[in-house]
Amino acid sequence: MADFMQTKTEDIPTPEWLPVVCLNNAVLFPGATAPIAVTSEDANQAIEIAVRGNRLFAAVAIREPEEDFDNYSHLYSVGTIAFVMRMMRGAEDMTQLVVRGVRKRNILELEIRDDVP
């Protein structure tokens, strides 16, 4: 992991598919480093997938946090590829992250996948 952390985040190759973490009342910009608290089960699972792989996920802001999430229309169509720099597990399914925005990413398609690594 040390070799990967020393690489400039802008030079990290990004895969076609990334796990998605929905950001409520927050936006992550490319080049910015920010703390994020993750509490939902879906977001925690996405972070686990990212950390087991290349430490990358798509951070996407939510349009209307109060809306029902039956489909993905509540998400913006542009997000930021984020790199997990540090992860700390807290009590009651809370995960604290320090992430760095790598680059902007258009969200072309969202799908629920059970076959993730």
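Since this is a predicted model, take the numbers as computed values, not measurements.

Positive phi, normally seen in glycine, also occurs at Asn25, with a value near 60°. Along the chain, Asn25 falls in the loop between strand E1 (20-23) and strand E2 (33-38). Overall, Asn25 belongs to the exposed group, its relative accessible area being 71%. The phi dihedral of Asp93 is positive, around 60°, even though this residue is not glycine. Note on placement: Asp93 falls in the loop between strand E4 (78-89) and strand E5 (95-106).

A few words now on the nonpolar core. Ranked by size, the top nonpolar core spans 15 residues in total, and within it Val21, Phe57, Leu97 and Val99 carry the most contacts. Listed by contribution, the elements that provide at least two residues to this core are E1, E2, helix H2 (41-52), strand E3 (56-61), E4 and E5. Residue contributions to this core peak at 4 residues, all from H2. In this structure Phe57 touches Leu18, Pro19, Val21, Ile47, Ala50, Thr80, Ile81, Ala82, Val84 and Val99, once residues within four positions along its chain are discounted. In terms of nonpolar packing, the next biggest core, distinct from the first, is built from 10 residues, Ile62, Phe83, Val102 and Ile107 among them.

On the secondary structure map, Ser73 appears in the loop between E3 and E4. Residue class for Ser73 comes out exposed when judged on its relative accessible area of 52%. Along the chain, Ser73 and Arg63 lie 10 residues apart, while their C-alpha atoms are 8.3 Å from each other.

The next thing to look at is the confidence of the model for the chain. For the chain, mean pLDDT is 82; residues scoring 70 or higher make up 79% of the total. Between residues 1-7, whose pLDDT stays under 50, and residues either more than four places distant or in other chains, the model counts 7 contacts.

Criteria and thresholds
- Residues numbered from 1 in each chain as written.
- Predicted model: local features only at pLDDT ≥ 70, side-chain atom pairs only at ≥ 80, totals over all residues.
- Heavy atoms only, no water.
- Helix = DSSP H or I, 4+ residues; strand = E, 2+ residues; numbered from the N terminus.
- Buried < 20%, exposed > 50% of the residue type's maximum accessible area, 1.4 Å probe, protein only.
- Core = buried A, V, L, I, M, F, W, Y, C linked by side-chain atoms within 4.5 Å.
- Contact = heavy atoms within 4.5 Å.
- pLDDT = per-residue confidence, 0-100.

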